[in-house]
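Structure assessment
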Amino acid sequence: MSTPPFLTLPRCARALRLSTARGEFAALQAEPDGPVRGSALLVPGFTGSKEDFIALLEPLAAAGYRVTAVDQRGQYETGGPDDPAAYAVGALGADVRALTAAVAAEGVPTHLLGHSFGGQVVREAVLAAAADGPSPWRSLTLMSTGPGAIDPAEAARTKLLLDALPALSLEEIWQVMQQMEEGSGDQRQRPDQAVAQFLHRRWLANVPLALTVTGGHLVAAPDRVAELAAATAGLPVLVLSGVRDYAWPVPEQSAMARRLGARRVVVEDAGHSPNAERPAATAAALADFWG
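In what follows, the accompanying structure is described. (Residues numbered from 1 in each chain as written. Predicted model: local features only at pLDDT ≥ 70, side-chain atom pairs only at ≥ 80, totals over all residues. Heavy atoms only, no water.)

**Quick look at the overall build of the protein chain**
The cut-off we apply is this: A run of H or I in DSSP counts as a helix once it spans at least four residues, and a run of E counts as a strand once it spans at least two, with each numbered from the N terminus. Taken over C-alpha atoms, the radius of gyration is set against a globule rule of 2.2 Å times the number of residues to the power 0.38. Any residue under 20% of the maximum accessible area for its type is buried, any over 50% is exposed, and the rest in between are partly exposed; the area is computed with a 1.4 Å probe on protein chains only. The contact criterion used throughout is that any non-hydrogen atoms of two residues lie within 4.5 Å. Note on areas: Shrake-Rupley, 1.4 Å probe, and residue coverage restricted to the protein chains presented here.
Of the regular secondary structure elements, the protein chain holds 11 helices and 8 strands. For 291 residues, the compact-globule formula gives about 19 Å, and the C-alpha radius of gyration of the protein chain, at 18 Å, lands near that figure. Expressed as a percentage of its 291 residues, the buried residues of the protein chain come to 54%. Partitioning the intrachain contacts of the protein chain with sequence separation of at least 6 by distance along the chain shows that 80% fall at a separation of at least 24. About 12200 Å² of surface is accessible on the protein chain, with carbon and sulfur atoms providing 54% of the total.

If you want it as structure tokens, here you go:
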């Protein structure tokens, strides 16, 4: 997940609930002051939420883009049912297609972005849409995501979570995670109190079944890059990451970009969440690509 640098919405943005053919989704939406050059749908990763993109809203709106960031089904303020099928990556991809239809505006191109696990969800959406006809998107951005399963070390940590979910409450797991973080010697700057409280609140709002299904996908995800390359022929693709990444090694992401024939951007001094860690540089790269 990303740690948002702040939580106060910029003047250009509002919180809302988007009605779609597949139900309602919590969202943040930013509007440009002037003409709309395009719209963008931003999809967060595992244990993340729409707030992961909060620092991108203002600079992307200033560049002329109507931006909508969402909570996926099972995340934070969207919620979800007690049905594992609802959180299968294909079902989440169908949600993305429904969300795209809800935010699309006639005559305005729609750009699609997925971060981390969200990158594999939007991949499913693009693959399914390609089988049905012309793409509803003007471009695809894969941010800090990879071709298949996550790095073995990260997979081992995710398996610990999967083992804990049947036995412990989300609050108990949170306390264990905090103890592990404190004992790791990680010297990264801690978030301020408001952000820390938000991270706790967001974690507790996860649907446990969604964590189980989506976490299981991450540790065993197939490589579908060849299929995606065929499905995106003629569709501009960007692979964007930081200079380091614990989930998918950066060289692996670069190799994926080459296999896709995609543009490649590496954001300096950023890790797994350039959207939150270096939002100005990330927004500039996105606006340049979308333009």
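Resuming the write-up.
**Regarding the sheet that holds strand β4 (residues 65-70)**
The test is simple: Strand pairing is defined by DSSP finding a minimum of two bridges between the two strands. Axis lines are fitted to C-alpha atoms, over the contacting stretch for helices. Their N-to-C directions set the angle, which ranges from 0 to 180 degrees.
The mixed open sheet is built from 8 strands, whose spatial order is β1-β2-β4-β3-β5-β6-β7-β8. Each edge of the open sheet is held by one strand with a lone partner, namely β1 (13-20) and β8 (263-267). Taking the axes of each pair of neighbouring strands and ignoring which way they run, one obtains an average angle of 25° across the sheet. The strands touched by helix α2 (residues 89-103) within the sheet are β1, β2 (23-30), β3 (38-43), β4 and β5 (110-115), with β1 carrying the most contacts at an inclination of about 115°.

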